[in-house]
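Per-entry structural report
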Amino acid sequence: LQGIFVLGLPYALLHSGYSGLLLIVLAAALCCYTGKILIACLYEENEDGQLIRVRDTYEDIANACCKKLSPSLGGIAVNVTQVVELIMTCILYLVVSGNLLSHSFPYVPVTEKTWSVIAFVTLLPCIFIRTLKIVSKLSQLCSLVHFVIILVVIIYCLTQMHQWSWAKFRLSLEFEDFLVSVGVIIFSYTSQIFLPTLEGSMKNPGEFRCMLNWTHFFACVLKTTFALTAFLTWGEKTKEVITDNLPSFLETLVNLCLLTKALLSYPLPFFAATEIVYSCISKDNHSNYRSPLLALTVRGSFLLLTLLMAMFTPHFALLMGLSGSVTGAAMTFLLPSLFHLKLKWKKLSFLERCADISVFILGFLCSLAGIVCSIKGLLEVFR
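Criteria and cut-off values
Residues numbered from 1 in each chain as written. Predicted model: local features only at pLDDT ≥ 70, side-chain atom pairs only at ≥ 80, totals over all residues. Heavy atoms only, no water. Helix = DSSP H or I, 4+ residues; strand = E, 2+ residues; numbered from the N terminus. Buried < 20%, exposed > 50% of the residue type's maximum accessible area, 1.4 Å probe, protein only. Contact = heavy atoms within 4.5 Å. Areas by Shrake-Rupley, 256 points an atom, 1.4 Å probe, with all protein chains shown as cover. Patch = residues over 30% accessible without salt bridge, like charges linked within 9 Å, V, L, I, M, F, W, Y side chains within 5 Å. Salt bridge = Lys/Arg side-chain N within 4 Å of Asp/Glu carboxyl O. Lys, Arg positive; Asp, Glu negative; His and termini not counted. Charge placed at Lys NZ, Arg CZ, Asp CG, Glu CD. pLDDT = per-residue confidence, 0-100. Phe/Tyr/Trp six-rings, centres within 6.5 Å; stacked < 30°, edge-to-face > 60°. Lys NZ or Arg CZ within 6 Å of the ring centre and 35° of its normal. Axes fitted to C-alpha atoms, helices over the stretch in contact; angles between N-to-C directions. Parallel < 35°, antiparallel > 145°, perpendicular 65-115°, else oblique. Left-handed = near helix turned anticlockwise from the far one by under 90°. Nonpolar A, V, L, I, M, F, W, Y, C, P; charged D, E, K, R; others polar. Polar contact = N/O pair within 3.5 Å; in protein donor to acceptor, adjacent residues only side chain to side chain.

Let us look at the overall build of the protein. Looking only at helices and strands, the protein features 14 helices and 2 strands. Out of the 383 residues belonging to the protein, those deemed buried represent 52%. Put simply, of all contacts in the protein between residues at least 6 apart along the chain, 80% involve residues at least 24 apart. If you sum the accessible surface of the protein, you get close to 18300 Å²; carbon and sulfur atoms cover 69% of it.

On the surface, Trp345, Ile357, Ile361, Phe364, Leu365, Leu368 and Val372 cluster together into a nonpolar patch covering about 660 Å² of accessible area. In this fold, Ile361 is placed in helix H14 (residues 350-382).

Here the focus is a positive patch on the surface. Positive charge collects at one region of the surface, where Lys67, Lys68, Lys342 and Lys346 lie side by side. Position of Lys346 among the secondary structure elements: in the loop between helix H13 (316-344) and H14.

Attention now goes to helix H1 (residues 9-16). Working note: α-helix, 3.6 residues per turn, so residues spaced by three or four point in the same direction. Taken across its 8 residues, H1 has 7 buried, putting it largely inside the fold. For H1, every residue scored as buried is listed here: Leu9, Pro10, Ala12, Leu13, Leu14, His15 and Ser16. Immediately beyond the C-terminal end of H1, within one or two residues, lies Gly17, with a positive phi of roughly 60°.

Mean pLDDT over the protein works out to 81, with 89% of the residues at or above the 70 mark. In the predicted structure, residues 285-289 sits below a pLDDT of 50 and forms 7 contacts with residues beyond four places in sequence or in another chain.

Now for the packing of aromatic side chains. Per the counting criterion, the structure on display carries 7 aromatic pairs. When the centroid spacing of 5.6 Å and the interplanar angle of 25° are considered together, the rings of Trp214 and Phe218 count as stacked. Pair noted here: Trp214 and Phe218 are both in helix H9 (residues 208-234), with a separation of 4 residues, about one helical turn. Classification of Phe218 by relative accessible area gives exposed; the value is 51%. Taking 5.3 Å as the distance between ring centres and 70° as the angle between the ring planes, the aromatic pair formed by Phe217 and Phe218 counts as edge-to-face. One aromatic cluster is present, formed by Trp214, Phe217 and Phe218 through successive ring pairs. One residue, Arg353, lies across the ring of Trp345, its end atom 4.2 Å from the ring centre.

What follows concerns the packing of helix H6 (residues 132-159) against H9. It is the contact of H6 with H9, at a shortest axis distance of 9 Å, that shows an interaxial angle of 40°. One element, H6, and the other, H9, form an angle in the oblique class. Like other packed secondary-structure pairs, H6 and H9 cross with a definite hand, here left-handed. Of the residues in H9, those touching H6 at Phe147, Ile150, Val153, Ile154, Tyr156 and Cys157 are Leu222, Thr225, Phe226, Thr229, Ala230, Thr233 and Trp234. A breakdown of the residues in the contact of H6 with H9 according to their chemical character gives 10 nonpolar, 3 polar and no charged.

Remark: helix H5 (residues 112-122) packs on helix H12 (residues 292-312), axes separated minimally by 10 Å, with the N-to-C direction vectors making an angle of 165°. When the axis of H5 is compared with that of H12, the two are roughly antiparallel. Where H5 crosses over H12, the two elements pack in a sense that is right-handed. Here Lys113, Ser116, Val117 and Phe120 of H5 come into contact with H12, specifically with Leu303, Leu304, Leu307 and Met311. Considered class by class, the residues forming the contact of H5 with H12 number 6 nonpolar, 1 polar and 1 charged.

What follows deals with the environment of Glu44. Note that Glu44 resides in strand E1 (residues 43-45). Setting aside residues up to four positions removed in sequence, Glu44 forms contacts with Gln50, Leu51, Ile52, Val54, Arg55, Lys344 and Lys347. Of the polar contacts made by the side chain of Glu44, one reaches the side chain of Arg55; its length is 3.1 Å.

Attention now goes to the pattern of salt bridges. In the structure shown here, the tally under the stated rule is 5 salt bridges. The residue Glu45 makes a salt bridge to Lys347 at a minimum N-O spacing of 4.0 Å. Taken together, the positions of Glu45 in strand E1 and Lys347 in the loop between H13 and H14 put the pair 302 residues apart, joining distant regions of the chain. Look at Lys347 and you get exposed, because its relative accessible area is 53%. A salt bridge links Glu199 to Arg53, with the shortest nitrogen-to-oxygen separation between them at 2.9 Å. Within this pair, whereas Glu199 is found in helix H8 (residues 195-201), its partner Arg53 is found in strand E2 (residues 51-53), the two being separated by 146 residues in sequence.

As structure tokens, then:
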């Protein structure tokens, strides 16, 4: 829940004003709710009325909903969406890495795109990652670096309290900028694709709902505190990546820490995306499923794809808004509510049905509007 994309939240507040604070809280509540109903879709009641886990993955839920149309249609759609979201996440890490390096070494005559290529070279060993054990160790280091960064930024902002002013919040908003901010905020909370595996690996799955409540609560508090203190400090001068606003003596240090975090974060979505592809190939009974050459080819292709996308779309906030609007909204709002209605319709109360339908409609509208505005923003930048 606390990824590097939190760095875009102050910029989102710049374009959403007071409503941005409400959106951060509302997104946390909605994401917590859809996480719960998604996990509910993994269970069915037996003859004694006891809940039994009959499904294991997001793909299984999708296949159960679409089995009348095609036994595997839903799973294919979900897998494609998951892979796109994971790859977009990897692309964002490369974009951020190039941005951080260019601002850390402004006197080096190297473009931001070239810095992204340099960062990409350090990620080439990802081709040889074969187990989650290595990824988990990298993720632990990543989490430690992340909290240090957030703490440093908040402490600096607190030292600037004397210049804070609520007048910095905009009362009149540009509708299109606001919708891009919605995508940014949504993407900062997306975690649904990992929840079925997480719940299945818990020692006591019965505590999942409580865990989800507390994690989203603390995530909301931290995101709101970070975004608010940063925006009150810089106001209209808030940049897409908030660390660009720091004074030079802190910016280089924090940017290097962020670079470390971005590079350490990359292997997790990269590994997850390649594993989904391998799983699909395995189900088709391909004899070369575990071929070392095939593994290197797939991983190498994914690595190259992320580099090419990072080179041609080097705009952090707009790319994050587009990702949140497309895959983030689908995996976080649209599909969980749709699947819950499909699988549990007869057992849901009227209010529960209304809640699911409302979440679906809200997610659809936000996704559609966000897609249009983000693409329009990207096209204007390229022109």
